[in-house]
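Architecture at a glance
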Amino acid sequence: GENVEQHPSTLSVQEGDSAVIKCTYSDSASNYFPWYKQELGKRPQLIIDIRSNVGEKKDQRIAVTLNKTAKHFSLHITETQPEDSAVYFCAASLRSNDYKLSFGAGTTVTVRA
Amino acid sequence: SQTIHQWPATLVQPVGSPLSLECTVEGTSNPNLYWYRQAAGRGLQLLFYSVGIGQISSEVPQNLSASRPQDRQFILSSKKLLLSDSGFYLCAAGGLGSTDTQYFGPGTRLTVL
């Protein structure tokens with residue numbers, strides 16, 4: 001099955017700086033890569049996703065890049081704000097009827113004011 | 001867009017007692033449904049998923065079971081809870097419009113004493 005590794009496990013940044021989280025996946029057939037943000041005690045919320053036919057996608061201060069050859073994808077948060085503090089999960093999905101997601105272990109991001 | 005309901009929101013149960021958690025989805029039909037468990041400070045572990053009524057696939061052998069009696073209803077059960085069953089239980093719906101995207105319900109926080 002698919003194996004997703006996520007780094008770093010924790011990340012502390014100064015407010016206004018950028019944060020980058022990287023994930024690698026094992027199955028070259030994976031074609032969908034979402035990112036979720038989970039605040040303490042809340043459900044994971046989808047913040048951005050990318051499909052294998054696209055190399056980069058941006059939504060305001062958040063961007064995701066995908067390198068299919070190297071089998072890795074990254075989340076970039078620019079101009080970080082205190083409300084960006086949360087746990088971020090990457091995931092990968094194989095094209096199949098069950099649409100199962102394989103999740104990374106998560107990155108705890110702390111934005112220092 | 002779909003709405004996912006879960007209840008109860010919190011639950012405290014003694015070891016050895018039964019369990020029933022319910023998830024219902026509004027605003028869509030024939031979704032893929034998933035049960036995840038998240039231990040404190042940990043990642044998302046897929047427990048069960050279902051691509052249709054009465055169709056259940058188990059990802060991790062354990063003392064839990066799942067059922068899907070109706071198209072938009074997914075139930076997680078146990079006959080006898082263990083201490084290790086404590087955690088945050090999340091229901092997710094996906095495969096909507098033949099896409100991979102999964103959306104999470106608000107979750108049930110279970111404490112087994």
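Relevant structure appears above.
About the thresholds
Residues numbered from 1 in each chain as written. Chains lettered and ligands numbered in written order. Predicted model: local features only at pLDDT ≥ 70, side-chain atom pairs only at ≥ 80, totals over all residues. Heavy atoms only, no water. Contact = heavy atoms within 4.5 Å. Buried area = accessible area lost by both parts, 1.4 Å probe. Salt bridge = Lys/Arg side-chain N within 4 Å of Asp/Glu carboxyl O. Polar contact = N/O pair within 3.5 Å; in protein donor to acceptor, adjacent residues only side chain to side chain. Helix = DSSP H or I, 4+ residues; strand = E, 2+ residues; numbered from the N terminus. Nonpolar A, V, L, I, M, F, W, Y, C, P; charged D, E, K, R; others polar. Pairing = 2+ DSSP bridges. Axes fitted to C-alpha atoms, helices over the stretch in contact; angles between N-to-C directions. Disulfide = S-S within 2.5 Å. Buried < 20%, exposed > 50% of the residue type's maximum accessible area, 1.4 Å probe, protein only. Phe/Tyr/Trp six-rings, centres within 6.5 Å; stacked < 30°, edge-to-face > 60°.

**Observations regarding the interface of chain A and chain B**
- At the interface, 21 residues of chain A touch 24 residues of chain B.
- Buried surface at the junction of chain A and chain B, both sides included, amounts to about 1700 Å², of which 54% is carbon and sulfur.
- Ranking the residues of chain A by area buried against chain B places A:R43, A:Y99 and A:K100 at the top, with a combined share of 34%.
- The interface formed by chain A and chain B includes one salt bridge.
- Between A:K100 and B:E59 there is a salt bridge, with the nearest N and O atoms lying 3.2 Å from each other.
- Counting across the interface, chain A meets chain B through seven residue pairs in polar contact (both at pLDDT 80 or more).
- Take the side of chain A that touches chain B: its biggest share by element is four residues, from strand 4 (residues 30-38) of chain A.
- Taken together, the residues that form the side of chain A that touches chain B break down as ten nonpolar, five polar and six charged.

**Some words on the sheet that holds strand 8 (residues 73-78) of chain B**
All names here are of chain B.
- One open sheet accounts for four strands, arranged 1-3-8-7; its pairing is antiparallel. The open sheet has two free edges, formed respectively by strand 1 (3-7) and strand 7 (64-70), since each of these has just one partner strand. Along the sheet, successive strands turn relative to each other by an average axial angle of 20°, direction set aside.

**Description of the state of the cysteines**
- Under the defined criterion, the tally for this structure stands at two disulfides over all chains.
- With its sulfur 2.0 Å from that of its partner, A:C23 forms a disulfide with A:C90. Because the torsion about its S-S bond is -100°, the bridge between A:C23 and A:C90 counts as left-handed. With A:C23 in strand 3 (residues 19-25) and A:C90 in strand 9 (residues 86-94), the pair connects residues that are 67 residues apart, well separated along the chain.
- Sulfur-sulfur distance for the disulfide between B:C23 and B:C91 comes to 2.0 Å. Handedness of the B:C23-B:C91 disulfide follows from its S-S torsion of about -65°: it is left-handed. Of this pair, B:C23 sits in strand 3 (residues 19-26) while B:C91 sits in strand 9 (residues 87-94), and the two are 68 residues apart along the sequence. The burial state of B:C23 is the same as that of B:C91; both residues are buried.

**Some words on the packing of aromatic side chains**
- For the coordinates displayed, the defined rule picks out twelve aromatic pairs over all chains.
- Ring centres 5.4 Å apart and planes at 85° place the aromatic pair A:Y36 and B:F104 in the edge-to-face group. With A:Y36 in strand 4 and B:F104 in strand 10 (residues 103-104), this pair bridges two chains.
- The interplanar angle of 90° and the centroid separation of 5.6 Å between the aromatic rings of A:F103 and B:Y36 together place this pair among those described as edge-to-face. Residue A:F103 is found in strand 10 (residues 101-103), and its partner B:Y36 is found in strand 4 (residues 32-38); the two belong to separate chains. With respect to burial, A:F103 and B:Y36 carry one shared label: buried.
- Put simply, the rings of A:Y36, A:F103, B:Y34, B:Y36, B:Y49 and B:F104 pair up and form one aromatic cluster.

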